[in-house]
Amino acid sequence: MTGLNAVRERSLALFFIALLAFSPALLVVFSRHAFIFGVPVLYAYLLSVWGGVILCIALNAFPREGVPAQSVRSDNAISDESLSDKGTD
Amino acid sequence: MLAPWFVAVASFAYLCLLFAVAYYVDKRADAGRSLLRSNPYIYAFSIAVYCTSWTYYGSVGRAASSGIGFLPIYLGPTLVFVLWWFLLRKIIRISKAHRITSIADFISSRYGKSTRLSVLVTVIAVVGIVPYISLQLKAISSSFYVLIEYPEIVMPPPVSERASPVGDLTFLVALVLSLFAILFGTRHIDASEHHEGMVAAVAFESVIKLIASVSVGVFVTFGLFNGFGDLFGRAAMEPALAQLFLMEGGGAYGQWVTLTLLSMAAIICLPRQFQVTVVENVNEDHLAKAVWLFPLYLLAINLFVLPIAIGGRLMFPDGSVDADTFVLTLPMSDRRDGLALFVFLGGLSAATSMVIVAAIALSTMVCNDLVMPALLRTGWLRLTERDDLSRLLLLIRRASIVVILLLGYVYFRFVGGADSLVTIGLVSFAAAAQFAPPIIGGIFWKGASRDGAFVGLSLGFLVWAYTLLLPLVARPGWFPTDFIDQGPFGIALLKPHALFGLTGVDGMTHALFWSMLANIGGLVIVSLWGRQSPLERIQAVLFVDVFRWSGSSSTSQFWRGSATVPDLYALVVRFIGQSRARRAFVTYAHERQLNLSELTEADPDLVSFTERLLAGAIGAASARVMVATVAKGEVMGSEEVMEILEETSQVIEYSHSLEQKSRELEAKSEALREANERLKELDSLKDEFLSTVSHELRTPLTSIRSFSEVLVGGQAVSNEERTRFLGIIVKESERLTRLINQILDLAKMEANSVDWDMEALDPRGAIEDAVAAISSLFKENRIVLEIEIEEHLPEVFVDRDRLIQVIVNLLSNAAKFSDSAAGRVSLEARSREGGLLVHVADNGRGIDLEDRETIFERFHQANKKPTERPQGTGLGLAISRQIVEHFGGRIWVESPPGDGACLAFLIPAIARRQAQAPAAK
């Protein structure tokens, strides 16, 4: 899948996956007295999933071919340049 | 070394450095070399203003008591940023299209530019954010108090023991910060409401606080302890600390969900977040970078929170040190004065960035949405006729900043001084979360109405104030506190911490549940049962369908007002100054190739342009009031508006139906073309048939005529010859008759006008009759006829005469084409494949492959050569085929070429035929 639809659908999917991953129901599973590389498992789980989610956002947000530039200037918009001072006052 | 004066000077120097950064960036922007426009990282870091002293000091404090309970505050924003494409991008696009200057402006703009709503939002924002500001003041002053006691570790004195406000350090901090907020944010009125310098300074502070926070984390983990394993291992020895690695009991889960939801709302709805993320966004494309960079920042700054908290609990086991100060006291306990000072400056960064941005955002709201509308409506001030209002605007904003910071101080001094940082902050989050329903509802649901938003917000705010703010305010003792434990007037159902008997959840979950129920419920119910004004409907459509409308000329087409250009120009001048106004109008005229000096009547487009220009300076609601003073006329009536809005969809619908119709027409004309082709084909077939028939008729006629002429001519013709000629004439006449009979026969069959005398019979008799009828022909030509008829032939349902006709046709055909010297024809009749199978074979030259199908066509003569005289009428096989097919059978050529011809036909047996009969009918 390519293009804008892919960005939309992937971000929705990622949202629900992250919602599940951070839900208390799943945290219970990791809430135990155990350590992984000396770090409590619950803590390690949360941080690594968090990092994974960020990585996915980044991959999904990277500009790619087929995705047009997002900013569209409306023909009526007041350009900020026309209002800035440019040293006249 | 860390004397009070030294710390104070360092802090002040740091603030001046910040100002220098801001000043430099502002100057660059004024010179047209904006740093922010080209650099998405500054934007991303500026969003990290989300991380305040709460994060910097308070997270550790919370982690020290509830383990990972501090994390949801940062997971929520990450979740929202996952949905940036739907949410943030849309809000930013809307804000750019409508020149939104604040969250109050956004909500009021969406709901018909309602002043009532913008006032309400501003009040909620100010009341809600004041505790948050007090949190920052408290953090700065506490950390200062702690730091100056270096190397001793002494907790700051309780608020009640401090000197009068004038001598209180916190008061001083409030004043200094308000000065800086004024310097950063209100040096002049910017019509675009961008504060690039402030944004850059905030981004700079974000970097500092991140470095400081990580430094402490590294220092604690690897300096005080030997890495994570050592730190967590030692904590695991102590049962009280080991508990921090787990989720606490049932209540913690509810709180986890509540905090996640709260922070999700806060990342959009906190006025300062709205300011940096939406209003200060100069380039929509920067968002794509910020959406992952900001969560990454959150992750980084939280990486060491739990290690620091555990380290603090291990280093200060007696609980004498407030966990909110661990970040500072841990380096101090190890006598790292340099690191301690850096940490203090990091905390100062976290606090000042929040205070400055929040103060500027709130002052903009107070000025645009609270004070200006009030002043403009106050007739006796005659403000609408005053000349230069930009000074007044600045004055109002500066005063609001001072008032807001003083309110923060008052809250700290009299209310929240004893609470932990996170407790204070969460109260503000819950207030800001009240904006989420009108915003989210407003950008996705066109039906959300102004009254709904107003009722929902009011109810939500009241419930928030009753369940969260009031108990906090009442606690210190100068307000009766009985109602908290017993309920007002002893009504237990109204207890603020257990409203309507809801118990068993923590206070925050309780408050969020009831306030959101009231807020969302009010919004939905009132919207569904209320009516929207025309302007509301326009704005609703423009907001919800922003991606559809942002390319078109937005609101102007709904505005039917009329005004003169000089009036509009004068109006703009009063708010944003002569030069900026002139530039804006000249640019406008240039882009549309108009000559403003000749133009007197302003078109709706220019009126709308003016309104949005003003909205950038004084907010949408006030701008509307101001423009209405010079523009006569109103927004169109609701029917007309809906007409225009629905025009597009109607046009689309219409073109859809047109498309469909044209497709139908195409299909029809295709069918017509096919029918026409078929007709042409039939026509040419008919022509061909006629010409063939006349040709076939002419051949015997010609010979009859020529022989008759010879006889009539009276030439010397011997009797013998005469007899021969007459014989030829008779023969040709017979042939002619036969031909005409066959043509008639075939035509009848094709027209289905033959009377079929169908009966069930044993074919043996018919075959024998046929053979008998034609045997003379074989004898004449000395052709051997071999007949082989099976004992039991199946009964068939046929017309007897016609069946004989077929067999005679085939036999005579075979006789004609059999070998001329030693002719031999065989006829076999068998019972095969459930029917009667008849083979008629000769030993002639056979039939070519290409003739196998065409041989059954009319007038087709196999092996016909131009010189040869036709040996048959060419209709026999065509008629045979018609007959066999009428009997439900088929006829075909079976022989290989060059080995004699063999024709075969199959007629289904009677049982099978009867079964087929109903289907055939």
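Look up: the structure comes first, before these words.
These notes cover the structure that comes with them. (Residues numbered from 1 in each chain as written. Chains lettered and ligands numbered in written order. Predicted model: local features only at pLDDT ≥ 70, side-chain atom pairs only at ≥ 80, totals over all residues. Heavy atoms only, no water.)

### Section: the packing of aromatic side chains
Residue and element names in this part refer to chain B. Under the convention used in this document: Stacked, tilted and edge-to-face pairs are distinguished by plane angle, under 30 degrees for stacked and over 60 for edge-to-face with tilted covering the rest, among Phe, Tyr and Trp rings (Trp via its six-membered ring) whose centres lie within 6.5 Å. Exposure is judged per residue with a 1.4 Å probe applied to protein chains only, and the accessible area is read against the type maximum: over 50% gives exposed, under 20% gives buried, and values in between give partly exposed. To qualify as a helix, a DSSP run of H or I must reach at least 4 residues; to qualify as a strand, a run of E must reach at least 2; elements of each kind are numbered from the N terminus.
Counted under the stated rule, the structure contains 29 aromatic pairs over all chains. Residues W84 and W85 carry aromatic rings whose centres are separated by 5.3 Å and whose planes lie at 90 degrees to one another, so their mutual orientation is edge-to-face. You can call W84 buried: its relative accessible area is 2%. Note on W85: relative accessible area 4%, which makes it buried. Ring centres of F106 and F274 lie 5.6 Å apart, and the angle between their planes is 70 degrees; on these two criteria the pair is classed as edge-to-face. Of this pair, F106 sits in helix α7 (residues 103–110) while F274 sits in helix α14 (residues 271–279), placing them 168 residues apart in sequence.

### Focus on the nonpolar core
Test applied: We define a nonpolar core as any set of buried Ala, Val, Leu, Ile, Met, Phe, Trp, Tyr and Cys residues linked to one another through side-chain atoms lying within 4.5 Å. By definition, residues are in contact when any of their heavy atoms lie within 4.5 Å.
In this structure, W50 of chain A together with F435 of chain B are the most contacted members of the largest nonpolar core, which totals 213 residues. Of all the elements, helix α18 (residues 337–377) of chain B adds the most residues to this core, at 19 residues. Apart from residues no more than four positions distant in its own chain, F435 of chain B is found in contact with I103, I107, V121, I124, A125, C269 and L457 of chain B. Counting residues in hydrophobic clusters, the runner-up holds 47 residues, among them L803, V806, L810 and V825 of chain B.

### Structural notes on the environment of L517 of chain B
Residue and element names in this part refer to chain B. Its place among the elements puts L517 in helix α24 (residues 507–529). Take L517: its relative accessible area is 46%, and that puts it in the partly exposed class. As a C-alpha pair, L517 and G456 span 61 residues in sequence and 9.0 Å in three-dimensional space.

### Points about a nonpolar patch on the surface
Rules: Two distance rules govern patches: like charges are joined within 9 Å, and nonpolar side chains (Val, Leu, Ile, Met, Phe, Trp, Tyr) within 5 Å, applied only to residues with over 30% relative accessible area and no salt bridge. In these tables, accessible area is a Shrake-Rupley quantity obtained with a 1.4 Å probe, and a residue counts as shielded only by the protein chains included in the view. Here a salt bridge means any side-chain nitrogen of Lys or Arg lying within 4 Å of a carboxyl oxygen belonging to Asp or Glu.
Taken together, F489, I491, L493 and F500 of chain B make up a surface patch of nonpolar side chains, about 490 Å² in accessible area. Within the secondary structure layout, L493 of chain B lies in the loop between α23 (482–486) and α24.

### Here's the deal with helix α28 (residues 578–592) of chain B
Residues and elements named next belong to chain B. Heads up, the condition is: Residue count minus one, scaled by 1.5 Å, sets the expected span of a helix.
Counted at 1.5 Å a residue, the expected span for α28 with its 15 residues is 21 Å, and the 21 Å between its end C-alpha atoms agrees. Every buried residue belonging to α28 is among S579, R580, A581, R583, A584, F585, Y588 and A589, and all of these are buried. In the core, the buried residues of α28 are packed alongside α27 (565–576) and α29 (604–618). Just beyond α28, the residue with positive phi is Q593, at close to 55 degrees.

Don't take any of this as a statement about function, it's just geometry.
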